[in-house]
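Remarks on the overall topology
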Amino acid sequence: MSNKSLANKTIKNKSSRPKKKFRVGRIIKWVLIPILTLGIVGFIFGALLFVSYASTAPKLNMNQLQSPNNTVIYDSNGNVMAQLGVEKRVNITSDQIPMTLVDAITSIEDHRFFDHRGVDPIRILGSVLHNASSDTTQGGSTLTQELIKLSFFTTSASDRTIKRKAQEAWMSIELEKKLSKAEILTLYVNKVYMSNSYYGMQTAAQNFYGKPLTQLTLPQIALLAGIPQAPAQYDPYNSATQGYAKTRRDLVLEAMYKYGKITKTAEETAIKTPITDGLQPLSTTSSIPLQYNNFITQVLLQVQADTHQDPSTTPMKIYTTMNSDAQNQLYNVFNGTGVNYPDGQQVAATIVDPKTGAVIAQLGGRNQSTDSVLGNNPAVNTDRDWGSSMKPMTDYAPGIDNGTFKSTAQVFDDSPYNYPAVPGQPTVAVNDWDNRYMGNVTMRVALWQSRNIPAVKALATVGLDASSAFLSKVGINYPAEHYSNAISSSADKSGNQWGTSSEKQAAAYAAFANGGYYTKPYYVSKIVYSDGVSKDLTPSTSRVMKETTAYMITDMLKGVIPYGTNGSSFPPNRLSQLGLHQAGKTGTSNYSDEQIAQLKASSTNEVPDETFVGYTKDYSIAVWTGYSDKLYPVQDILVPSEVYTAMMSYFYANPATSSDWTMPSGVNRYGSELYLAGATPPSSSSSSSSSSSSSSSSSSLNSSTTSNGQGSSTNSNTSSSQNGTSTSSGNGN
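In short, a report on the structure. (Residues numbered from 1 in each chain as written. Predicted model: local features only at pLDDT ≥ 70, side-chain atom pairs only at ≥ 80, totals over all residues. Heavy atoms only, no water.)

**Considering the overall build of the protein**
- Secondary structure summary: the protein contains 24 helices and 19 strands in total.
- Taken over 733 residues, the protein has a buried fraction of 52%.
- Taking contacts inside the protein between residues at least 6 apart in sequence as the whole, the part at least 24 apart equals 74%.
- Approximately 31,500 Å² of the protein is accessible, and the part contributed by carbon and sulfur atoms is 51%. (Helix = DSSP H or I, 4+ residues; strand = E, 2+ residues; numbered from the N terminus. Buried < 20%, exposed > 50% of the residue type's maximum accessible area, 1.4 Å probe, protein only. Contact = heavy atoms within 4.5 Å. Areas by Shrake-Rupley, 256 points an atom, 1.4 Å probe, with all protein chains shown as cover.)

**Observations regarding the packing of helix H14 (residues 391-401) against helix H19 (residues 547-558)**
- Relative orientation of the contacting elements H14 and H19 amounts to 135 degrees, with a least axis distance of 9 Å. In terms of orientation, H14 lies oblique with respect to H19. Judged by the twist between their axes, the crossing of H14 over H19 is right-handed. Where H14 approaches H19, its residues Pro392, Tyr396, Ala397, Ile400 and Asp401 are matched on the opposing element by Thr549, Met552, Ile553, Met556 and Leu557.
- A breakdown of the residues in the contact of H14 with H19 according to their chemical character gives 8 nonpolar, 1 polar and 1 charged. (Axes fitted to C-alpha atoms, helices over the stretch in contact; angles between N-to-C directions. Parallel < 35°, antiparallel > 145°, perpendicular 65-115°, else oblique. Left-handed = near helix turned anticlockwise from the far one by under 90°. Nonpolar A, V, L, I, M, F, W, Y, C, P; charged D, E, K, R; others polar.)

**With respect to the sheet that holds strand E4 (residues 346-352)**
- Overall, antiparallel pairing links the 5 strands, which are arranged E5-E4-E14-E13-E12 in an open sheet. Each edge of the open sheet carries a strand with a single partner, namely strand E5 (359-363) and strand E12 (583-588). Neighbouring strand axes in the sheet, compared pairwise and without regard to direction, differ in orientation by 10 degrees on average.
- Strand direction decides the pairing type here: E4 and E5, joined by 4 bridges, are antiparallel. The residue of E5 that forms the bridge with Thr350 is Gln362. (Pairing = 2+ DSSP bridges.)

**As for H14**
- Buried residues dominate H14, accounting for 11 of its 11 residues.
- Inspection of H14 places Lys391, Pro392, Met393, Thr394, Asp395, Tyr396, Ala397, Pro398, Gly399, Ile400 and Asp401 among the buried residues, and these make up the whole buried set.
- Looking one or two residues past H14, Gly403 carries a phi angle of roughly 85 degrees, positive in sign.

**Details of the packing of aromatic side chains**
- Across all of its chains, the model carries 20 aromatic pairs by this definition.
- Ring geometry for Phe295 and Tyr523: centres 5.2 Å apart, planes at 80 degrees, overall edge-to-face. Taken as a pair, Phe295 in helix H12 (residues 293-307) and Tyr523 in the loop between strand E8 (517-519) and strand E9 (524-529) lie far apart in primary sequence, 228 residues in all. The pair Phe295 / Tyr523 is uniform in exposure class, with both members buried.
- An aromatic cluster is defined as three or more aromatic residues linked by ring pairs; in this entry it consists of Tyr198, Phe208, Tyr209 and Tyr237.
- Stacked on the ring of Phe113, the Lys or Arg Lys181 has its end atom at 4.4 Å from the ring centre.
- The side chain of Lys526 reaches across the aromatic face of Tyr319, ending 5.1 Å from its centre. (Phe/Tyr/Trp six-rings, centres within 6.5 Å; stacked < 30°, edge-to-face > 60°. Lys NZ or Arg CZ within 6 Å of the ring centre and 35° of its normal.)

**So, the packing of H14 against helix H16 (residues 452-462)**
- Between H14 and H16, whose axes approach to 9 Å, the crossing angle comes to 50 degrees. Comparing the axis directions of H14 and H16 gives the class oblique. Like other packed secondary-structure pairs, H14 and H16 cross with a definite hand, here left-handed. Residue-level contacts link Lys391, Thr394, Asp395, Tyr396, Pro398 and Gly399 of H14 to Asn452, Pro454, Ala455, Ala458, Leu459 and Val462 of H16.

**Remarks on the pairing of strand E6 (residues 411-414)**
- Of the two faces of E6, the one holding Phe412 and Asp414 is buried and the one holding Val411 and Asp413 is not buried anywhere.
- Sheet topology places E6 next to strand E7 (residues 439-442); 4 bridges connect them, and they run antiparallel. Bridging from a neighbouring strand, Asp414 pairs with Gly439 of E7.

**Overview of helix H6 (residues 162-178)**
- Compared with an ideal rise of 1.5 Å per residue, which puts 17 residues at 24 Å, H6 spans 25 Å between its outermost C-alpha atoms and is within 8% of the ideal.
- Among all positions in H6, only Arg164, Ala166, Gln167, Glu168, Ala169, Met171, Ser172, Glu174, Leu175 and Glu176 are buried. (Expected span 1.5 Å × (residues − 1).)

**Here's the deal with the nonpolar core**
- Ranked by size, the top nonpolar core spans 85 residues in total, and within it Ile318, Met393 and Tyr396 carry the most contacts.
- Top contributing element to this core by residue count: helix H18 (residues 502-513), with 8 residues.
- With near-sequence residues (within four places) excluded, Met393 lies in contact with Pro398, Phe470, Leu471, Ile476, Gln505, Ala508, Tyr509 and Phe512.
- Formed by 54 residues, the second largest nonpolar core is a distinct cluster that contains Phe113, Leu143, Ala204 and Ile221. (Core = buried A, V, L, I, M, F, W, Y, C linked by side-chain atoms within 4.5 Å.)

**A look at the pattern of salt bridges**
- All chains considered together, the criterion is met by 20 salt bridges.
- Three or more residues joined by partner-sharing salt bridges are found here, namely Asp414, Asp432, Asp434 and Arg451. (Salt bridge = Lys/Arg side-chain N within 4 Å of Asp/Glu carboxyl O.)

Okay, structure coming up:
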């Protein structure tokens, strides 16, 4: 390798270049005069347009040319949460750039770099002719223009307008008046994105190969020179893109030979070198705080989905919805503050603001490893079963909303019952968590006591189509809904677009909290590009159910906390006793008989998933717990409710200050039950006066929850299959 550097290169003084003389023909045939006139007019118009665009171009700023070309992420209060790639940058000076790299970059990107003045008309004309006659495209920008684009504009395809191209050209010409070619190329080498969160070619050299640029081999330098065009596509560490990386590197080598920078022998030898030659293991260090990891993962995914841009390669300011204080508190709760976790038992949670749908805090697990940065996020995964927490929006809310059920006093017979018959499927009994029957129960009591048979009967009455349509409006979808989904979120197909997660549950319950209005959960409110252009990413809010439906469901779910299956010792009840206005629902999934035989640990519960979703008017919190390996049963089923209680205690220093829901018009209270307007209550309660009070009745369960003595059903762990959906018929705690 030559020890020559960019600093040694002698460049001709621009002012010494001879001016070309143009001769104009003395005679022009009159038939060409109109064409010439049009050409002149077009030239003048184009020149005026160029001047107009150039006058509005950003001012050249050395700070922007030299500054890290990275994305900055902010919390909801405008505080910096993280900067992508900022910790992985090593800037160099021109004397540290080997001429081999200069030759490689200019050969593949701009072989006339040392001859033009920022804009290359010959290159532009060549690209026009190439693009008109070939299936492939060729750019006409110079390296100077690329530097301007990286420093002052976005790389979005939608922003490649004539106006921006004109501004790039003007700024490039101006830049070349101020800086030498060596200075411009040095800025480019330090600025470009090189994949894997590395910015700058020296940074890539040290992290890819453990060496500075001056010590790299020809094929290694050629690889680095080719990466900036498409960093993700030419990532040498990704087995799926290594073939593309080699093709790109070889193109660089061919260009270097074409323009006389290397010999044919050097080219052929370098092409035979494996693309992985000399690569070192990637570092796992990150500037992203561990407590923000899962949240930022979703932030980047939303930006990519909404803008079709990669924040790693397109610098921008991302303004998120995160309440960093709440996020830090959730992290502390997950990792030992206020909740005792059995060894290895995991937890995931999402907290949503019901008024806006914004996700304000989220974590996908406890004791996360630094190796999982920007990786899997269990808080949004739908591969676990949310059990009976599905009942409010799957079984009861759709029926109330379409008028099938007109009262919380709707009676269901909790007696032996099979899932509705499905052609070609065996008859399967619906069982309950306690293997008992309660006889006639109201919808309210069925929810309080999480009865499965009334839930399945409610879904059968409402119909699968109506239930599916309702669920879809609150962000929950199945490939095909089955009657077993009355008490389970299990789906026929895998993929986070099916079933539910802590994110989806928190957002769906937020619609109950917000009077029937739903907003798709989101993590980013807006982004601002390096050129100052901003884009609002806040989704729209829409009514997905009647206000009366949301109120009636909330009124019933208030009673789950003091009167549910966990009794008065249920952790959230401590907050109710202090005056917190809250509602919620538990959920449990069960094992099949076959899975029970394969369990890897003993437990008094023998359930793989335990969940709780609770909400106030201000916060909706969904929590899951279980083990990563489903064959390890949950050891402590109260973990989700303890996490919920810890977070609500943090949000409400004085629970009594929380506000209650106001009963809307269109619903009346008779005694302890609610009725849609026009519905007739039973004669025994018709003498009770209609109340406009918004508080939930605290009526006793004594007359409603006594077993009717019909005996126990079959094993509650019996596996049920409805149209191929395998769930446990004992879901529903």
